[in-house]
Structures are given as C-alpha cells and as structure tokens.
Amino acid sequence: MKRVLANPLACWGLGITVITLLLALFAPAIAPFDPDAIDVKQILLSPSASHWMGTDGLGRDVFSRMLFGARISLMVGFVAVGIATVIGVLLGAISGYYRGWVDIFIMRLVDVMLSIPTFFLILAVIAFLTPSIWNIMIVIGLTSWMGVTRLVRAEFLSLREREFVLSTKALGAGDLRLIFWHLLPNSLTPIIVSTVLGIASAVLVESGLSFLGLGVQPPQASWGNILTDGKEYIQFAWWLSLFPGLAILFTVLGYNLLGEGLRDALDPRTTN
Amino acid sequence: MMQYVLKRVLWMGPLLIGISLISFLIMHLAPGDITTTEASFNPKTSQESIQKLRKLYHLDEPVMVQYGYWLKRMVKLDFGNSFASHQRPVFWQTKDAQGNVTKGLIQEALPITLIISFISMMLSIIISVPLGVIAARKHKKWQDNAITIFIFLGFSIPTFWLSLLLMYWLGVIHHLVPISGIHSINYDSLGAVDRIYDTTSHLFLPIVIPSLTGLAGLTLFIKNGMLDVLHQDYITTALAKGLAESTVIYKHALRNALLPLVTILGLSIPGLIGGSVISETLFAIPGMGKLFYTAVLMRDFPVIMGILTIGSALTLVGNLLADIAYAWADPRVRRGVAG
Amino acid sequence: MRQCFLLLLFALAACSKPAPSTQLQLDSVYPSQSGGVLVDAMIAEPSGLIPMIAAESASSAIASHIFNSLLRYDKNLELEGDLAKSWDISKDQKTITFHLKPDLKWADGKPLTSADALFTWQLVTDEKTRTPYASDFKLVIKAEAPDPLTFRVNYAQPYAPALDSWSGLQVMPEHLLKGQDINTTSFARKPVGSNYYRLAEWKNGESLVLSANPLATQGVPKIDKLVTRIIPDPAAQFLELMADNIDVMNLDPIQYSRIVPARTELKQKIALYKELGNGYTYLGFNLKHAPFDDKRVRQAINYAIDKQELIDGVLLGLGEPIASPYKPGTRWVNPQLKPYPYDPAKARQLLKEAGFVDHDADGTLVKDGKPLAFEILLNQNKERITSAVLIQRRLKEIGIKVTIRQLEWASFLGRIKSSDFDVVILGWSLSLDPDQFSIWHSSQNHPGQFNFINYNNPKVDKLLEQGRLELNPDKRMKIYHEFSRLLLEDSPIVYLFEGYGLPAIHKRIRGIDNPAPPAGIGWNSQDWYIPEPLRRKEIAP
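1. Observations concerning the overall build of chain A
Here is step 1: For chain A, the count of helices and strands is 13 helices and 0 strands.
Here is step 2: Its helices and strands taken in sequence order, chain A reads α-α-α-α-α-α-α-α-α-α-α-α-α from the N to the C terminus.
Here is step 3: Counting only carbon and sulfur atoms, one obtains 69% of the accessible surface of chain A, whose full area is about 11200 Å².
Here is step 4: With 17 positive and 17 negative side-chain charges, chain A shows a spacing of 9 Å between the two charge centroids.

2. Examining the overall build of chain C
Here is step 1: What chain C contains, in helices and strands, is 17 helices and 22 strands.
Here is step 2: For 541 residues, the compact-globule formula gives about 24 Å, and the C-alpha radius of gyration of chain C, at 26 Å, lands near that figure.
Here is step 3: Seen through its C-alpha atoms, chain C measures out along the principal axes to roughly 75 × 70 × 50 Å.
Here is step 4: For chain C, with 541 residues in total, the buried portion stands at 57%.
Here is step 5: Once local pairs closer than 6 in sequence are excluded, the contacts in chain C between residues at least 24 apart make up 68%.
Here is step 6: Total accessible area computed for chain C in this model is approximately 22300 Å², and 53% of it derives from carbon and sulfur atoms.
Here is step 7: The averaged location of the 63 negative side-chain charges in chain C is 2 Å from the averaged location of its 63 positive side-chain charges.

3. Describing the packing of helix α4 (residues 62-98) of chain A against helix α10 (residues 175-186) of chain A
Residues and elements named next belong to chain A.
Here is step 1: Between α4 and α10, whose axes approach to 11 Å, the crossing angle comes to 110 degrees. Judged on the interaxial angle alone, α10 and α4 are roughly perpendicular. For the pair α4 and α10, the crossing hand works out as right-handed. On α10, the residues touching Val89, Ala93, Tyr97 and Tyr98 of α4 are Asp175, Leu178, Ile179, Leu183 and Leu184.
Here is step 2: When its residues are assigned to classes, the contact of α4 with α10 shows 8 nonpolar, no polar and 1 charged.

4. What about helix α6 (residues 142-156) of chain B?
Here is step 1: End to end, α6 of chain B covers 21 Å across 15 residues, agreeing with the expected 21 Å (1.5 Å per residue, within 8%).
Here is step 2: Restricting attention to buried positions, one finds in α6 of chain B the residues Gln143, Asp144, Ile147, Thr148, Ile151, Phe152, Gly154 and Ser156 of chain B.
Here is step 3: Residues of α6 of chain B that are buried make contact with α2 (8-25), α11 (188-212) and α13 (238-266) of chain A together with α5 (105-137) and α8 (192-230) of chain B.

5. Concerning the confidence of the model for chain A
Here is step 1: Of the residues in chain A, 96% have a pLDDT of 70 or more, and the chain-wide mean is 84.
Here is step 2: Put simply, helix α1 (residues 2-6) of chain A is where chain A has its lowest mean pLDDT, 70, and α4 of chain A is where it has its highest, 91.

6. Overview of the nonpolar core
Here is step 1: Ranked by internal contacts, the top residues of the largest apolar core, which has 157 residues, are Leu123 of chain A, Ile106 and Phe292 of chain B together with Phe238 and Leu251 of chain C.
Here is step 2: Discounting chain neighbours no more than four positions away, the residues touching Phe238 of chain C are Gln235 of chain A together with Met249, Leu251, Gln255, Ile259, Val260 and Leu266 of chain C.
Here is step 3: The next biggest cluster of nonpolar side chains, apart from the first, holds 77 residues, and it includes Phe292, Ile416, Val460 and Tyr495 of chain C.

7. Focus on the interface of chain C and chain A
Accessible area lost upon the coming together of the parts is a frequently used measure of interface size.
Here is step 1: On the side of chain A, 19 residues touch chain C, which itself brings 26 residues to the contact.
Here is step 2: Across the chain C/chain A interface, buried area totals approximately 2100 Å², and carbon plus sulfur atoms make up 58% of it.
Here is step 3: Two residues, Asp233 of chain C and Lys231 of chain A, come together in a salt bridge whose shortest N-O distance is 2.3 Å.
Here is step 4: At the level of elements, α7 (234-242), α8 (253-262), α13 (382-397) and β19 (401-406) of chain C are the ones that each hand at least two residues to the side of chain C that touches chain A.
Here is step 5: Split by residue class, the side of chain C that touches chain A holds 12 nonpolar, 6 polar and 8 charged.

8. Structural notes on the environment of Ser124 of chain B
Residues and elements named next belong to chain B.
Here is step 1: Inspection of the secondary structure assignment puts Ser124 in helix α5.
Here is step 2: Owing to a relative accessible area of 4%, Ser124 belongs among the buried residues under this scheme.
Here is step 3: Along the primary structure Ser124 and Gly214 are separated by 90 residues, whereas in three dimensions their C-alpha atoms are 6.0 Å apart.
Here is step 4: Ignoring anything within four residues of it in the chain, the contact list for Ser124 reads Ser211, Gly214, Leu215 and Leu218.
Here is step 5: One polar contact links the side chain of Ser124 to the main-chain carbonyl oxygen of Ser211, over a distance of 3.0 Å.

9. Thoughts on the sheet that holds strand β6 (residues 140-147) of chain C
Residues and elements named next belong to chain C.
Here is step 1: The 4 strands are arranged β4-β5-β7-β6 in an open sheet whose pairing can be described as antiparallel. A single partner strand is all that each edge strand has here, and the edge strands are β4 (84-89) and β6. Recorded for the sheet is a direction-independent mean angle of 15 degrees between the axes of neighbouring strands.
Here is step 2: Where strand β5 (residues 95-100) lies against strand β7 (residues 150-155), 5 bridges are found, and the strand directions are antiparallel. Residue Thr97 lies in a different strand from β7, and its bridge partner there is Arg152.
Here is step 3: Across the face of the sheet, helix α3 (residues 114-125) comes into contact with β5, β6 and β7 while running at roughly 160 degrees to β6.

10. Description of the pattern of salt bridges
Here is step 1: If you walk through the whole model with that rule in mind, you get 31 salt bridges over all chains.
Here is step 2: The shortest N-O distance in the salt bridge between Glu240 of chain C and Arg229 of chain C comes to 3.1 Å. Of the two residues, Glu240 of chain C sits in helix α7 while Arg229 of chain C sits in strand β10 (residues 225-230), which places them 11 residues apart along the sequence. As far as burial versus exposure is concerned, Glu240 of chain C and Arg229 of chain C are alike and both buried.
Here is step 3: A single network of salt bridges, built from pairs that share partners, joins Asp36, Asp56, Arg60 and Arg65 of chain A.

11. Some details on the packing of aromatic side chains
Residue and element names in this part refer to chain C.
Here is step 1: Enumeration according to the criterion identifies 27 aromatic pairs over all chains in this entry.
Here is step 2: Arranged with centres 6.1 Å apart and planes meeting at 15 degrees, the rings of Tyr282 and Trp428 form a pair that is stacked. With a gap of 146 residues between them, Tyr282 in strand β14 (residues 279-285) and Trp428 in strand β20 (residues 423-429) connect regions that are remote in the sequence. For the pair shown, Tyr282 and Trp428 are each scored as buried.
Here is step 3: Among the aromatic side chains, those forming a connected cluster through ring pairs are Tyr280, Tyr282, Phe421, Trp428, Phe450, Phe452 and Tyr495.
Here is step 4: When the ring centre of Trp202 is taken as reference, the NZ or CZ atom of Arg189 above it lies at 3.8 Å.
Here is step 5: The ring of Trp332 has Arg331 lying over it, and the distance from NZ or CZ to the ring centre is 5.8 Å.

12. Describing the pairing of strand β8 (residues 197-203) of chain C
Residues and elements named next belong to chain C.
Here is step 1: Sheet analysis places β8 next to strand β9 (residues 207-212), joined by 6 bridges and oriented antiparallel. Bridge pairing in β9 places Glu201 opposite Val209.
Here is step 2: Remark: 3 residues form the turn of the hairpin made by β8 and β9, two consecutive strands paired antiparallel; Gly205 in that turn has positive phi of roughly 80 degrees.

13. Re unusual backbone geometry
Residues and elements named next belong to chain C.
Here is step 1: With an omega dihedral of 0 degrees, the bond running from Ala290 to Pro291 counts as a cis peptide bond.
Here is step 2: Locating Pro291 in the fold gives a position in the loop between β14 and α10 (295-304).
Here is step 3: With a phi angle near 70 degrees, Asp244 is a residue other than glycine that sits in the positive phi range.
Here is step 4: A relative accessible area of 13% means that Asp244 is categorised as buried.
Here is step 5: Non-glycine residue Ser491 carries a positive phi angle of around 50 degrees.
Here is step 6: You can see Ser491 is positioned in the loop between α17 (473-490) and β21 (493-501).

14. Observations regarding the confidence of the model for chain C
All names here are of chain C.
Here is step 1: Per-residue pLDDT for chain C has a mean of 86; in total, 94% of the residues score no lower than 70.
Here is step 2: When pLDDT is averaged over each element of chain C, β7 comes out on top at 94 and helix α1 (residues 2-14) at the bottom at 47.
Here is step 3: Every residue in residues 11-22 scores below 50 in pLDDT, and together they form 16 contacts with partners more than four places removed in sequence or on other chains.
Here is step 4: Here the complex is predicted with pTM 0.80, and the ipTM for its interfaces comes to 0.85.

15. Structural notes on the packing of helix α16 (residues 458-469) of chain C against α17 of chain C
All names here are of chain C.
Here is step 1: In the contact formed by α16 and α17, the axes pass within 9 Å of each other and the chain directions differ by 155 degrees. In terms of orientation, α16 lies roughly antiparallel with respect to α17. In the packing of α16 onto α17, the handedness of the crossing is left-handed. Contact residues: α16 offers Lys459, Val460, Leu463, Leu464, Gln466, Gly467 and Arg468, while α17 offers Arg476, Ile479, Tyr480, Glu482, Phe483 and Leu486.
Here is step 2: Along the lines of polarity and charge, the residues of the contact of α16 with α17 split into 7 nonpolar, 2 polar and 4 charged.

16. So, the environment of Phe374 of chain C
Residues and elements named next belong to chain C.
Here is step 1: With respect to the secondary-structure elements, Phe374 resides in strand β18 (residues 373-378).
Here is step 2: With 153 residues separating them in the primary sequence, Phe374 and Asp527 have C-alpha atoms 51 Å apart.
Here is step 3: In this view, Phe374 contacts Phe292, Ile301, Leu395, Ile400, Lys401, Val402, Thr403, Asp422 and Val423; residues no more than four positions away in its chain are not counted.

17. Quick look at the pairing of β5 of chain C
Residue and element names in this part refer to chain C.
Here is step 1: Counting buried residues in β5 gives 5 out of 6 residues, a clear majority hidden from the surface.
Here is step 2: Pairing of β4 with β5 involves 5 bridges; the strand directions are antiparallel. Looking at β5, one finds that Ile89 is bridged to Ile96.
Here is step 3: Taken together, β4 and the strand that follows it, β5, pair antiparallel across an intervening segment of 5 residues, in which Gln93 is found at a positive phi of about 65 degrees.

About the cut-offs
The residue numbers shown here count from 1 along each chain, following its written sequence. The naming scheme follows written order: chains are lettered A onward, ligands numbered 1 onward. The predicted nature of this model means local features are confined to residues of pLDDT at least 70 and side-chain atom pairs, given and counted, to a pLDDT of 80 or more, with totals for whole chains, interfaces and linings taken over all residues. No hydrogens and no water enter the side-chain calculation; it runs on all heavy atoms of the structure. Put simply, DSSP H or I for four residues or longer makes a helix, DSSP E for two residues or longer makes a strand, and each gets a number counted from the N terminus. Using a 1.4 Å probe, accessible areas were evaluated by the Shrake-Rupley method; residue-level cover was limited to the displayed protein chains. Positive: Lys, Arg. Negative: Asp, Glu. His and the chain ends are not part of the count. Here the site of a charge means atom NZ of a Lys, CZ of an Arg, CG of an Asp or CD of a Glu. Using C-alpha atoms as the atom set, the radius of gyration is obtained and then compared with a globule rule of 2.2 Å times the number of residues to the power 0.38. A simple rule labels every residue: compare its accessible area, found with a 1.4 Å probe on the protein chains alone, to the largest value its type can have, and call it buried under 20%, exposed over 50%, or partly exposed in between. Note on definitions: a residue-residue contact is assigned when non-hydrogen atoms from the two residues lie within 4.5 Å. Orientation is described by axes fitted as lines to C-alpha atoms, over the contacting stretch for helices, and by angles from 0 to 180 degrees between their N-to-C directions. Under this scheme an angle from 65 to 115 degrees is roughly perpendicular, one under 35 degrees roughly parallel, and one over 145 degrees roughly antiparallel; angles in between are oblique. Helix crossings fall into two classes, left-handed where the near helix is turned counterclockwise from the far one by less than a right angle and right-handed where it is turned clockwise. Here the term charged refers only to Asp, Glu, Lys and Arg, the term nonpolar to Ala, Val, Leu, Ile, Met, Phe, Trp, Tyr, Cys and Pro, and the term polar to all other amino acids, Gly among them. For a helix, the expected span equals 1.5 Å multiplied by the residue count minus one. On a range of 0 to 100, pLDDT expresses the predictor's confidence in each residue. Among buried residues, those of type Ala, Val, Leu, Ile, Met, Phe, Trp, Tyr and Cys that are joined through side-chain atoms within 4.5 Å constitute a nonpolar core. The term buried area refers to how much accessible surface (probe radius 1.4 Å) is lost by two components on association, counted for both of them together. For this document, the term salt bridge refers to a Lys or Arg side-chain nitrogen within 4 Å of an Asp or Glu carboxyl oxygen. For this analysis, a polar contact is any N or O atom pair within 3.5 Å, provided that within protein one partner can donate a hydrogen and the other can accept it, and provided that sequence-adjacent residues contribute only side-chain to side-chain pairs. A pair of strands counts as paired when DSSP detects no fewer than two bridges linking them. Only Phe, Tyr and Trp rings take part, Trp by its six-membered ring, and two of them pair if their centres are within 6.5 Å. Stacked means planes under 30 degrees apart, edge-to-face means over 60, and tilted covers everything else. Charge-over-ring placement is defined geometrically: NZ (Lys) or CZ (Arg) within 6 Å of the ring centre, and within 35 degrees of the ring normal.

The structure is reproduced here in structure tokens:
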C-alpha cells in the first residue's frame, strides 16, 4: 500500500477516480436541476451563473446531466468489467490449471474472439438487440474477457510448479481449494491492474456507442449522448461539445493512471 | 520454424469457421431483417412483395440451414449480394452478360480503410520510436515526465471527440482541411499532383487522429521495452567494453526492444479496423467502417457477415505474418530453441 | 525515405489553403443564364436508380431528375401532363386514354413512344419484379398502345386514385430493358431516362453527378450539373454548408431559427425558405388495447395535449396544427374542422365519465384497481422524442403515467407491424391523392399492413370505398370532408402537428419561387440558375 502511494501515477489516478466516484455517488445531492427537466424557453443557453455548463437543445441543464451521466458511465464501466473479469478469471484458471485439451480449446476461443474486430461485434449485437444499459454492459463484458484470461492463465502456469503449490497438493488439497485459496490470491496483481484499465476502456467504448446513438438512450443522460447533441450544434453551442469530452478524458485518464501506477507499484520486479 | 508456421496456418481454417459461426448466430439475434427495412414504411407496399423477398433470401428457414447456404458459397469466396444495395456483390466484382462489371462493396471499401490504417500505423511507429527511446534514456527526468503525460492523454482521449473538435477548428474556422469525403467535387479535372494533394488533405484528419492514440500505446511499450533491455547484463557489458552510448542504444538495445513491436502491431489490427466506424461515419469516408455501420442499421446480413469474416481473416493473416516475422527475427525461435 | 515524403505531404496539406472568396456580390440582381453546378448532400446512398425497385427516398430523389411519368403535379398541385399532353376519361369512368407529346426522345436519342409506357406497366405488374408499388397497377385489366402516341388503360371499376398513380410511375425504356432481369440489371447503375438530367457519374460512397440532358422532353435545364455528395452525418453536412462546400440543405428548427440568424457570415450567403410538406406527425392508439377502445379516453388525451406548446417547443413555431389528415391549403381539408383545443378540465371530466378516478389524491387516475399508465413507443427521431417528453408532462398533470421507449428503426418497425404497442408516435408521408384506404379501412389490419392501430368504423369504411370510385373532384371532396369529420370525432389518433420543410439554399442559386407555392420550392428547379460571377470557381465547366 505504501508503495502505491509513493508512485506518482497511482496517486494522481487515485485522486481523479475518487473525485469522479464521489461526484457520481452524490449526483442527486449536488445537481442543481433535475437532469430530465425540459424547458423549451431555455434552449441552448451558454454557461452562466445559473447554468454552469449551459443548457442543451431541450433546455435541460447540462451540468446536472453531466453528473448523472457520470453515474451511468461509471456503472457501465464497473459492471461490464466485472462480468469480463469473472469470465476471464474462471476461464484463465481452468485453462492454466488443467491444461491439456481444455487449455487448447479455451486458448483457441480467445484467439477467435481476439480476431473479430471488437467494436464491430459490439455494434452489431447492440443494434440487433435493443440498445439499453444492461445490454451494453453485458456485451462489453462478453467481449473484453480475453486479456484477463491470458493473464490469469500465465500466472497459473508459472505458479503451479512452485513449491508451495506442489507441497499443498502433496498434502491432499483438492483442486478447487488450490485454485481459489492458493493460486488465485497470488495472481491478484495482474487481475487488479487489468480490471482498473478495463474500466477506462469500457467507459470509452460506452461513450463511443452512445455517440453513435446505439448506447445509452435519451432521455437518460450519458456523456456520449450529450456529445451527440453537441455534434449537431457545435458551431453554436460549444459547451455541449467541450464538457462531456473533457469529462470522459478526465475520468478515463484517472483510471489509466491508477492502473499503470498500480502495475508499477505492485510489480515485484521493480522492487529490485 | 517451418513446423511452427505450418501449425499456425492449419489452425486458421477452424478459427475462421468459428468466427463466422459466431458472427452468423449473433446476427440472427436481430428482430427484424432486411424485409422489415427494405419495404420501408410506405402505404403502397404490398404484402406479397415482402413474402417474395423472404423466400428469395431463405429467411424463413432455420438458422443452421441458412448458415449452411452461406458457408457453401463462402468457400468459393462468394459472399453473395447485398440486400440493401440492390444486388451489388458483397466481396468481389461480377460481370454480367453484356460485360458490364459491377464492383464489389468490400472490394471498394477495403483498400481505403487499409490504406488509412496502414499509414496511420506507420505514422505512429515513426513518431513513437524516438519518443520511447528518449523517455527511456531520460527516465524520470522532465523529458520522460512530459512524454508520459502525453502518453496518458493519448490513451484516454475519446477519438470521436478529438475528431469533432479538430474537424470544426481546422475545417470550418480555419479552412485548412476539408470537412468530409475523400475527394473534392472537381477531383477529376485536377492534375496528378493536385490530386495527390487533394486526397491527402481529405485524409489528413482520418489518418492523423487514430495515429495519435496508437502513438500513445506504442511509445509506452517501446519505453518499457527499452528500459527492460537497458537493465540487462549484456548492455552493461557493452558499455563497460567502451562502446559509445549511442551505438549501444541503437545497434543493440533498440533492436531487441523492437522485436515484440511486431507482435503488438499485429494485435492492433482489429482495433484499427473496428475504430474505423466512428471516424469514417464522421468524415464521410467510404470505407469498411461506414459500410458496416450502414449494413447493421439496414440488417444487410450478407454484408455484415462478409465484413466480419474478412475483417477477422485479415487479423488472422496479420497476426500470422507478425508471428512469422518475430520468429524469423528472434534467433532463439528460428533455431527451434525453447519456443 | 518514403516516410519523409509522406510527412512532407502532410506538412503541405496542413499549410494554409486559401479561404474561399467571400467577395461575391450576393445581393445583386442577375438575369437568367445557363451553366453552373449545384451541390447538395444526402445522408444515404441510393441503392439503385430504377424507381419501381429502389423505393427509398435517396433513390427517388435522384431518379426524379432522370425519369418522367405520364402525368405530374403543377405548382398548385393540380395534375398536368408530363409525357402526356392530354388525357381523356371515358363516360363510364373505367377507361383512361393518354395522348403523348410528339417527338419525345430518350437521352440516348431513341424515340419515346406509348410502347415504352405499355412496357413499363407490364414490368411493374410482373410477378417477378420486386416492387412494392404493383397493387395500383394490377387493377388495370387491359392496357394497350394502339399507336405510338396513344396509351389506353381499362379498369374493372372506376378507380379515382388512378391518375395520381400514373403520376408516380416513371416510364422506362423498352429498348434497353426488354429481356433483362429488372431486379439485377446494370441499368440500375447506368440509367437512361428522358427528364432534365442524366447520370454522368456515380462514385460509390462519395457522390453522384447528374448533367443536363440536351434531349430532355421538356427542354434544357438552366443549371448544367447537379452534384449530390454522400455525407452520412447531418452535423458534418451543416459544417459543409457553412464552409461553402454544399449549396442546399434541409435544416432543423434550431439551425433555422437560432443558428443561422446568429451568424452574420451565414446570413449573408444563405437564404432560408419555408414550405409545407405532405405529411403529419401523430400519436396513435392501439385500438385493440384497453383503455384505448374507449372513445372518451382517446378524446380526453387529445384535449390534454397542448398542440401549440408542441409546435413552439419542438418546431420552434415552424409548423401548423391540423384537424384533417391532409395538407393544409388543398381542397381535401375540411375547413369547418378545428383541432381539439388544450382543455385539461374537459379531459379530466371525460376520464371521469370513463371510470377513471383519483381515489387517493396521489395524482394518478385509477379504474378497477389499475392505474392509467402506458408506454409510448417511438424511433430515434429527435422531434418525436421531444414531443413525447412534452406530452408525458401534460398527461402527468391530469393523472396519467406515461413511459417513453425508443427503439432503433428496424426493431421499431417490427413491433409496429405486429401491433405490439400501446401508443406510438409516428408520422405519415402521404401521396397527393386523398385516398387513404390502406391506412383506415378495417380490412387492412393484418400483420404488415398499414392499419396497425386496428381502426374499425363501418361508416368510414363505406366512405373510403366510395371515395375510390368517385372521379368527380367536387363529389370526392364532400366524401373526404365527411371522412375527416368522422375521424376527428373518433380520435383514433391525435394529430400533433405538420412541420415545415426548412431548406437553406446558397444565395448563388437564383430563380427560386418564394414564398413557396403549394408544390414546394422545388417545383421549378429546372428554371433555377446560377449567375456566372457567382459560380464555383474551382470546378472546371
């Protein structure tokens, strides 16, 4: 933990992610307006004292929508990555522990999934199902587990030959016990790093999908779909294009910094 | 090494089948199909014409049967004809009885996306190598920190946002680059040099923006690679032997650090192809991304299947080439030592 | 080395390109002259250019410049001859004889005769042709071309919408299409027509170029070339308009009333026009789902919606309320009908009569234990979404809970066609003939047909059937006035508004009829001209 705090990347990352989390968590309390409140007399107002980030094409307060958008983006990030991690850990563990045909099959499956351009796949699936938050989370989750699988498998492959594993096995420990109690806890570092970085990537994918109109649907606010509106009126309402983009940049930056910082801090090699 | 290559090539077949099967099944998740959109919403459309269409495209038969039809034709590289773009062939051109040639959709769209992706990648490499080396050499000094900040910004910036802002700033406010399309209206009346200029200025933003994000990853990778290599014993030995620092860095360290680069490039192909959707739709570039997006909205199954399959095939080939190049370059693998 | 060269090119490209000259004298008056290029943009690419096969708007927009029909509508939306110079209707109203203009030619020089008209009719009614438009023409029991200038069709019964249908059927060249499979012929990409323009070039995914047809049946258009660029993103289109790379664009209300007027450089070079289209937006009830089978509930909702608020909020005032399913200004609109006024008190009262009461004063109306709540289904059209939100608010005020669900177009169409919805917000885009049989007749409610709201009114059925048989315009008018009256009374849908088309056209384009006549500003586009000093300099003639 001390190592983490000593690492500048991780510190900055932690700071940013905590701020965004707090803003998202307390959005209902902080937001000055109801994010869905349409007021056709206040269309496209530039930032002012009452509307810090201006209003959009329907007169809704952009700042409030941004706060609630943070909730959506982060929620999608966490759940999608959660799904990906669970799948990845399971598959990676089985693959690395049991080896043989199971390993070959899972690795080929990973190859197949890695070969299909992911964004195309997500686009197609979302367009065919109804774009909804749950679908997006599940689909992003189902298409980003491959990295975790490989990492976990690599860890397992190297760990399983270590003495503590061999001796525990000799003492009669069952497979499941070995996997969950001994091997996994020692593989945590890459899993954590991968999860954090995965959140960054999931937020980017979600905002991209929302921007194309296939992500979070209006009237629910998401940074991506505020940008879609911003696109229409870019030469007139710069605030609609600037703030959501900055927010995405800031948030994703935070998670990337945190992830890379954690990797640096927790990587046993750099302690030399 | 031959064994290695052979094994990889043989695996490509089953992989492709796996990919196409997954793609096909996913497509049939869709409620609605081409007949829902094609007939559009015009009160004059008749029921019988919709039924005729369904029969023609085998849409009423079970999914696996439809897949079978598709597979049979795919083996001959016949991806069928587009539903939405009346009878234009999906992949390669066809000639009819009068000798009229109709070009294939992918045939026209793929080169554009490939060129953009390729130049983008080259640009990333050209800039990232020196940056990565500098960052490694000046590790923990201000140059490294500045480059690191730049890298992280590059990772984190949403490309569609950057594209939008630059399109507006450079295209509308300053008239430095055109806004959309790949050619100006008067392209045909331009001389050869003007034509090159015209195409380059149209493709400027679509190429530079993805390369900026790719740049970030590559720079980090090269920097870390260099750092790893620089700490190795043989480098210390070389320096102790009295070799000049720049020789050590460029002749020895860099070559070893660059080897994995080849693999990374291979792995980034699907990312480049997938990322083309947003940039091509925004900049009106008639490439694979835009083609795919339109096909998805129109439920144009043959085109969707064609692009997913060909895109994946390209990735597999790219990865194979990358791995072969790596295997050839790394003497350990070439001689079959501990692969 | 190659990389250096490429880098240099990039550097060059990034250097300043001269800004387009803005010293054009855009407000001077110029006489009409031939030449010049008009550039416009489309979101989607046409799938093909054979009108009867390629039904979507991108294709028909281009094809309408290339082909002619027997009849067309003039500036006041009255029928006049296009390829025909006159037509006669027999006394029993079952036969129409068209007399073609003499010396008509196709763009390739071959003569255009009644044989082509006959061939086109055979094509559209052929079982193998994949066209959605066959039904009107299948009613013709006999068609013949007794001489090259005469084309005659016989119907089993008088069919009033017939003339309108002939104005929509574009005549195809027999000499080029005979023996070809119309569904796959390369003619779709290399069409030959008889109208003002012919297809000069089609760059896939990029643009289509039409050039003036010197052999055009009606004379030569003033503007030499029409270039249509394919720009899928509407935001990019607007930017192109601002950068002077396209001349014409349809704006949305915000661009029209807030953005363009606020930028002086835009105001100086772009002229804004307003025209009424031929369609309306409505809120439709699924009449098979309770409580929408109760007329009082439907009328109540109609009273509870403030239509003027919708027009002001959604269209920024750029639209009109309607009370008949017809275009304002045409004879089919019943002048005595007025839209339901905004009257929440009346709405509440009607709902009370229907049994909906707010027992516990919590703001929701309840009947038999079930609250009055439903879902509005729509696609991703911004205007409709905004309307839905405003309607949701108004309905909440009288105690109805509304949820809004947006679907992507294909999924949306799927649910509509299988009548799987409560309430829908949608629009109709109509032909100029008043016949609306396929939308309102009780027989048209099978899956995939257009009476998906399941409207069933025997009196209306009868009127619709009569309207098809009556060719006398005045008598027809009475029939459809009565039809509109019954429809308004029954309120199976709530007419929300009819929006204006808002074209923005660069001031270099002259000869535009303003204010727009009933047919819209495009009716005389062949007479639009671009004065020489204002033409795009970069394009070689």
